[in-house]
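# Structural features, examined
The lines below spell out each chain.
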Amino acid sequence: MHHFTYRDGALHCEDVPLAAIAAAVGTPVYVYSTATLTRHWTVFTGALKDAGLDASVHFATKANGNMAVLRTLADLGAGADVVSGGELFAAMHAGIPASRIVFSGVGKTRDELAYALDQGVFQINVESEPELRLLDAVAREKGVQAPIAIRVNPDVEAGTHEKITTGKLDNKFGIAWTQAHALYRLAADLPGIAVKAIAMHIGSQIADLAPFAAAFRRMRDLLAILRADGIEIERLDIGGGLGVPYDREGDPTPMPPADYAKVIRQELGDLGCKLLLEPGRLITANAGVLLTKVIYRKEGATRTFVIVDAGMNDLVRPAMYDAFHAIAPVREPAAGAATELVDVVGPICESSDIFAKQRSLPRLEADDLLVLRTAGAYGAAMSNSYNGRPLVPEVLVNGDQYAVVRRRPTWEELVTLESLAPWQG
Ligand SMILES: *Cc1c(COP(=O)(O)O)cnc(C)c1O
């Protein structure tokens, strides 16, 4: 469910025509819907509540770190899951208190760990023995105890794209579940460490309940082993990873949050532990579109190219993950209008700068506006300035209002961080 629909022949975000945003802000631009963010948050947390689960939800800010998006979620009570010192800073800057922030990530530095302890984060999810020992040392220097989970790799096949699978033994993430007990034993004996939780996160865009259920069972088994060894565990952090519909024909339909909540209750509901969840994509993906304009229609030797002003630097998912994004014209096509097969491509000098190959679309001409749907997660967050392109701006819509919540940098700003070497005069 989202709030990007046609009204009177024009695609709107809530009550705002996207053409009006394109005219005022220019393209390419990301547009987010407050009503959609709110709805996804409410449906997800409501499903957990309806299942009777004692759970807190920590939005994975790497999916969408825009301050206004984070504030929207913070106002709904969201915590955050962050994966760097910079994300921790940004989440707090947006109004999410450190006491609701989980710090994840496979390569946290000493400085990042020290910063997280200074801020008083809720939990640090440790991913290796050297990290555990470093965190212990840093915490003791500060005279505090670091509240931790150990991220355990349950060795389950998540059935998703290989670049977003994280829960197999040959992935770099987490501690092999067979080694977890020994590391918990060590953690329990370190004076700078306070063991609080077990954490898992098995991948992203998972459409099926079976991998989650398998991982939860591993978690349950580990909990029993730790308890038998006298190691207290108060909470279980089950990560994110829930898939969203990208509307490609033949794709499996992701499970509804209520079904997910039911499996959590079945597998983990009777253990006396508080639950932590870290959804990212599920909350923001469908709440955003990338609005772009056709620059040229180019008749190639074998196919027609629709060249748009957004590129893989603005939205890298198709190039990086072979991801599918539905594409829709902002002007509603007449019922029964003819369609043609075209390649929708960006202006970047890379062969992989392709948004869609042989996509069926109504005839498009220069200056026509398009949206790439379901772009609110891992879209702007992964954007960059490759090819000398200023970072794509972001707009937040709320009812009939909209605001630019990250402006487009100028060309001047593209070069302001750079300087000549002293010998260059
Ligand atoms: C990326 C990530 C998430 C969020 O994943 P989604 O697929 O966006 O829900 C949650 N937890 C951790 C540790 C992550 O790295």
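Residues numbered from 1 in each chain as written. Predicted model: local features only at pLDDT ≥ 70, side-chain atom pairs only at ≥ 80, totals over all residues. Heavy atoms only, no water.

## Focus on the overall build of the chain
This is how the line gets drawn: The helix and strand labels rest on DSSP assignments: H or I over at least four residues marks a helix, E over at least two residues marks a strand, and numbering proceeds from the N terminus. Here the globule rule is a power law, 2.2 Å times the number of residues to the power 0.38, and the radius of gyration is based on C-alpha atoms. Only protein chains enter the accessibility calculation, which uses a 1.4 Å probe; a residue whose area is less than 20% of its type maximum is buried, one above 50% is exposed, and one in between is partly exposed. By the convention used here, residues are in contact when the closest approach between their heavy atoms is within 4.5 Å. Every accessible area reported is derived by Shrake-Rupley at a probe size of 1.4 Å, with residue values counting cover from the shown protein chains alone. Counting rule applied: Lys, Arg positive; Asp, Glu negative; His and chain ends not counted. Throughout, a charge is located at the NZ atom of Lys, the CZ atom of Arg, the CG atom of Asp or the CD atom of Glu.
Secondary structure summary: the chain contains twelve helices and 21 strands in total. Its C-alpha atoms give the chain a radius of gyration of 23 Å, near enough to 22 Å, the size a compact globule of 425 residues would have. Based on the C-alpha atoms only, the size of the chain along its principal axes is roughly 70 × 65 × 40 Å. When each of the 425 residues of the chain is scored for burial, the buried share is 54%. Long-range pairs, those at least 24 residues apart, make up 70% of the contacts in the chain with a sequence separation of at least 6. Here the chain displays about 18,300 Å² of accessible surface, and carbon together with sulfur accounts for 52% of that area. Both charge centroids of the chain, one from 41 positive and one from 51 negative side chains, sit 1 Å from each other.

## Here we look at the pattern of salt bridges
Formally: For this document, the term salt bridge refers to a Lys or Arg side-chain nitrogen within 4 Å of an Asp or Glu carboxyl oxygen.
The full count for this structure, using the stated rule, is 22 salt bridges. The salt bridge partner of Glu267 is Arg217, with a shortest N-O separation of 3.4 Å. A residue pair is termed long-range when its members are at least 10 positions apart, and Glu267 in helix H9 (residues 257–268) and Arg217 in helix H8 (residues 209–228) qualify at 50 residues. Among the ionic pairs, Glu234 bridges to Arg235, the shortest N-O distance being 3.7 Å.

## Quick notes on the site of the ligand
For clarity, the cut-off: Whether a residue is near a molecule or strand depends on its heavy atoms: if one lies within 4 Å, it is near. Contacts described as polar in this section are N or O atom pairs within 3.5 Å, which, within protein, must combine one atom able to donate a hydrogen with one able to accept it, while residues neighboring in sequence count only if both atoms come from side chains. Any residue outside Ala, Val, Leu, Ile, Met, Phe, Trp, Tyr, Cys, Pro, Asp, Glu, Lys and Arg is labelled polar, Gly included; the first ten of those are nonpolar and the last four are charged.
Neighbouring residues of the ligand: 14 residues in total, closest Lys62, Ser204, Glu278, Arg281 and Tyr378. In this structure, an oxygen atom belonging to the ligand sits 2.3 Å away from a side-chain N or O atom of Ser204. In this structure, an oxygen atom belonging to the ligand sits 2.9 Å away from a main-chain N or O atom of Gly280. Isolated, the ligand exposes 380 Å² of accessible area, and the fraction of that covered by the protein chains is 93%. Each residue belonging to the shell around the ligand can be placed in one class, and the counts come to three nonpolar, six polar and five charged.

## Looking at the packing of aromatic side chains
The criterion, for reference: Each Phe, Tyr or Trp ring (for Trp, its six-membered ring) is paired with any other whose centre lies within 6.5 Å, and the angle between the two planes then decides the class: stacked below 30 degrees, edge-to-face above 60, tilted in between. Working rule: Lys NZ or Arg CZ, within 6 Å of ring centre, within 35 degrees of ring normal, means a charge sits over the ring.
Under the defined criterion, the tally for this structure stands at five aromatic pairs. Their ring planes at 70 degrees and their centres at 5.1 Å tell us that Phe212 and Tyr260 sit as a pair that is edge-to-face. Of this pair, Phe212 sits in helix H8 while Tyr260 sits in helix H9, and the two are 48 residues apart along the sequence. Since its relative accessible area comes to 1%, Phe212 is described here as buried. The residue whose ring lies beneath Lys108 is Phe103, and the NZ or CZ to ring-centre distance is 5.7 Å. Directly above the ring of Phe122 sits Arg235, whose terminal nitrogen or CZ lies 3.9 Å from the centroid.

## Quick word on the UniProt feature "modified residue: N6-(pyridoxal phosphate)lysine" (unreviewed entry) in the chain
To keep it simple, the criterion reads: UniProt positions are given in the numbering used here, feature names are shortened, and annotations may be inferred rather than shown by experiment.
Residues annotated in UniProt with the feature "modified residue: N6-(pyridoxal phosphate)lysine" (unreviewed entry) correspond here to Lys62. Mapped onto the elements, Lys62 comes out in the loop between strand S5 (55–60) and helix H3 (67–75). Beyond its immediate chain neighbours, meaning those up to four positions away, Lys62 contacts Val83, Glu87, Tyr378 and Ala381.

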